[in-house]
There are 2 protein chains.
Amino acid sequence: MSRSNDISLAVIRRLPRYYRFLDELLKKGVVRVSSGELSAILGLTASQIRQDLNCFGGFGQQGYGYLVEQLHDEIGKILGLDRIADAILIGAGNLGRAIANHLDFEQRGFHLTAIFDAAQDVIGQRVGDLTVSDMATLEEFCRLHKPSLAILCVPYDAAKANVDRLKNSGIHVFWNFSHYDIGVDDPGCIVENVHLGDSLMTLSYRMKNA
Amino acid sequence: MSRSNDISLAVIRRLPRYYRFLDELLKKGVVRVSSGELSAILGLTASQIRQDLNCFGGFGQQGYGYLVEQLHDEIGKILGLDRIADAILIGAGNLGRAIANHLDFEQRGFHLTAIFDAAQDVIGQRVGDLTVSDMATLEEFCRLHKPSLAILCVPYDAAKANVDRLKNSGIHVFWNFSHYDIGVDDPGCIVENVHLGDSLMTLSYRMKNA
């Protein structure tokens, strides 16, 4: 999809939000929406929205607005949600289980196929539809099933070694919830670091300096 | 803290990361660090780092670098981590429990004092050191204890009504994990929306357009 090669990450990061809001409009049976109406819902300027959507070829018609279903489906395709990739989750602690249970992976472009943990008392437990596998079998699993994405929910101390094992098993895309930052040393990887503690500290700052 | 009123949110959002890395250096016994060394660890340019830290008055000395402990403590103070504020969590489902158990609130400027849920079979259950309270007692609890922050881990459909109740109870700071976006209609509030699904869709895009 060469059209999207020059799109800035800032625009990309707004697309899931557009998609979410269009999904809501679709569920409410709304057929058509103007950039002005999207602006009021999203808290972005109408010109910003038109500019963002123009990056992908533009779907609206002057004075007519956007067809909700068409725009929704098109953004879904741009995000790659129509091409499901296999994901595995490492670390079946509180957070790992919550993520496995809480998120609708299929609707976000992924299929969660396995959960791994190194703790003997956790291996074999059920998490949603899956059974926790022994971390010792990771390499064999990856060789057979070639998952694309690893979701990392392990403690800081275990993260670096896990990333190395996963990379050696052919995984280069990481959704990282551990406190360890993947990315700085790993230029070949695609990483989204979710640092919940950082988000909480930002909130502390904003609240205490309001 | 008038010095920080003009600081952009982009700089603020980098501070927790500085704090985290300085914390690691401190634990390793590192006494002094240059902006060049910080740059190598953090993947930011040394000039960016100097510029960020100068927003708060600057702590370094030319050719000498930063004292790790001093910079760590100073950034902690800027983030308000030395002033603990009370937080409550709404929604003791998978994600709510994981957040309550997973995060070290005290080290991030907050004290988690109560967890609420509306489901009769969840009320009374233990989550970490806390017992889940009946959502019906929310208003009374807030009147007595005046918590500052609400952590929202409820489904989309319940979010709007919960936000209204919390605002009526004097809470205007939200850490929001529900799919509902607080903020657009609520200019008086301070909100960090954590949309895990958006993060996953961003990863889908980046992977499938790499």
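This text goes with the structure placed above it.
Below is a short write-up of the structure. (Residues numbered from 1 in each chain as written. Chains lettered and ligands numbered in written order. Predicted model: local features only at pLDDT ≥ 70, side-chain atom pairs only at ≥ 80, totals over all residues. Heavy atoms only, no water.)

**Regarding the sheet that holds strand S4 (residues 110–117) of chain A**
Here is the rule: Here, a strand pair is defined by DSSP locating no fewer than two bridges between the strands. For helices the rule is a DSSP run of H or I covering at least 4 residues; for strands it is a run of E covering at least 2, with both sets numbered from the N terminus onward. Any two residues whose heavy atoms approach within 4.5 Å are treated as being in contact. Working convention: axes come from line fits to C-alpha atoms, limited for helices to the stretch in contact. Angles between N-to-C directions cover 0 to 180 degrees.
Spatially, the seven strands line up as an open sheet ordered S5-S6-S4-S3-S7-S8-S9 (chain A), and their pairing is mixed. The sheet is open, and its two edges are formed by strand S5 (126–127) and strand S9 (190–193) of chain A, each paired on a single side. Across four bridges, strand S8 (residues 173–176) of chain A lies against S9(A) in parallel orientation. If you follow A:Val173 over to S9(A), its bridge partner there is A:Ile190. Here helix H8 (residues 196–208) of chain B sits on the sheet in contact with strand S3 (85–90), S4, strand S7 (149–152), S8 and S9 of chain A, set at roughly 170° to S9(A).

**A look at the packing of aromatic side chains**
In plain terms, the rule: We call Phe, Tyr and Trp rings a pair once their centres come within 6.5 Å, taking the six-membered ring for Trp, and we label the pair stacked below 30 degrees between planes, edge-to-face above 60, and tilted otherwise. Working definition: with a 1.4 Å probe on protein chains only, accessible area under 20% of the residue-type maximum means buried, over 50% means exposed, and in between means partly exposed. For a Lys NZ or an Arg CZ to count as sitting over a ring, it must be within 6 Å of the ring centre and within 35 degrees of the ring normal.
Taken as a whole and judged by the stated rule, the model has six aromatic pairs over all chains. Centroid distance A:Phe116 to A:Phe141: 5.5 Å. Interplanar angle 75°. Geometry classified as edge-to-face. Residue A:Phe116 is located in strand S4, and its partner A:Phe141 is located in helix H6 (residues 138–145); the two are separated by 25 residues in the primary sequence. Accessibility assignment for this pair places A:Phe116 and A:Phe141 in one class, buried. Consider the rings of A:Trp175 and A:Phe177, whose centres lie 4.8 Å apart with planes at 70°: the pair is edge-to-face. Per residue, the accessibility class of A:Trp175 equals that of A:Phe177, and both read buried. Here the guanidinium or amino end of A:Lys208 rests over the ring plane of B:Phe110, the centre of that ring lying 5.0 Å away.

**Considering the interface of chain A and chain B**
The condition is simple: As used here, buried area is the combined drop in accessible area, with a 1.4 Å probe, of two parts when they are placed together. What counts as a salt bridge is simple: a side-chain nitrogen of Lys or Arg found within 4 Å of a carboxyl oxygen of Asp or Glu. Throughout this entry, Asp, Glu, Lys and Arg are counted as charged residues, while Ala, Val, Leu, Ile, Met, Phe, Trp, Tyr, Cys and Pro are counted as nonpolar. The remaining residues, Gly among them, count as polar.
Between chain A and chain B, the residue contacts involve 64 residues of the former and 64 residues of the latter. In this assembly, chain A packs against chain B so that about 6,000 Å² is buried in total across both faces, 64% of it on carbon and sulfur atoms. The largest per-residue losses of area from chain A upon contact with chain B belong to A:Leu200, A:Met201 and A:Tyr205, which jointly make up 13% of the total buried on that side. Run the count over chain A and chain B and you get eight salt bridges. Across the pair B:Arg17 and A:Asp181 runs a salt bridge whose closest N-O atoms are separated by 3.1 Å. Contributing elements (two or more residues each) for the side of chain A that touches chain B: helix H1 (9–27), helix H2 (35–42), helix H5 (94–102), S8, S9 and helix H8 (196–208) of chain A. Its residues assigned to classes, the side of chain A that touches chain B shows 37 nonpolar, 16 polar and eleven charged.

**A word on the layout of surface pockets**
Threshold: A 1.4 Å probe that fits but cannot get out identifies a cavity on a 1 Å grid over protein atoms alone, an open set with protein on both sides within 12 Å along at least five of seven lines counts as a pocket, and a residue lines either if it has an atom within 4 Å of a point. Grid points are joined across faces, edges and corners, and a volume is the space filled by probe spheres set on the points.
Roughly 1,700 Å³ of volume is contained in the largest pocket. What lines the largest pocket is a set of 41 residues, and nearest its centre among them are A:Arg13, A:Glu192, A:Asn193, B:Arg13 and B:Glu192. Within the residue set of the lining of the largest pocket, elements represented by two or more residues are H1, S9 and H8 of chain A together with helix H1 (9–27), strand S9 (190–193) and H8 of chain B. Sorting elements by how many residues they give to the lining of the largest pocket places H1(B) first, with six residues. Partitioned by chemical class, the residues of the lining of the largest pocket number 15 nonpolar, eleven polar and 15 charged.

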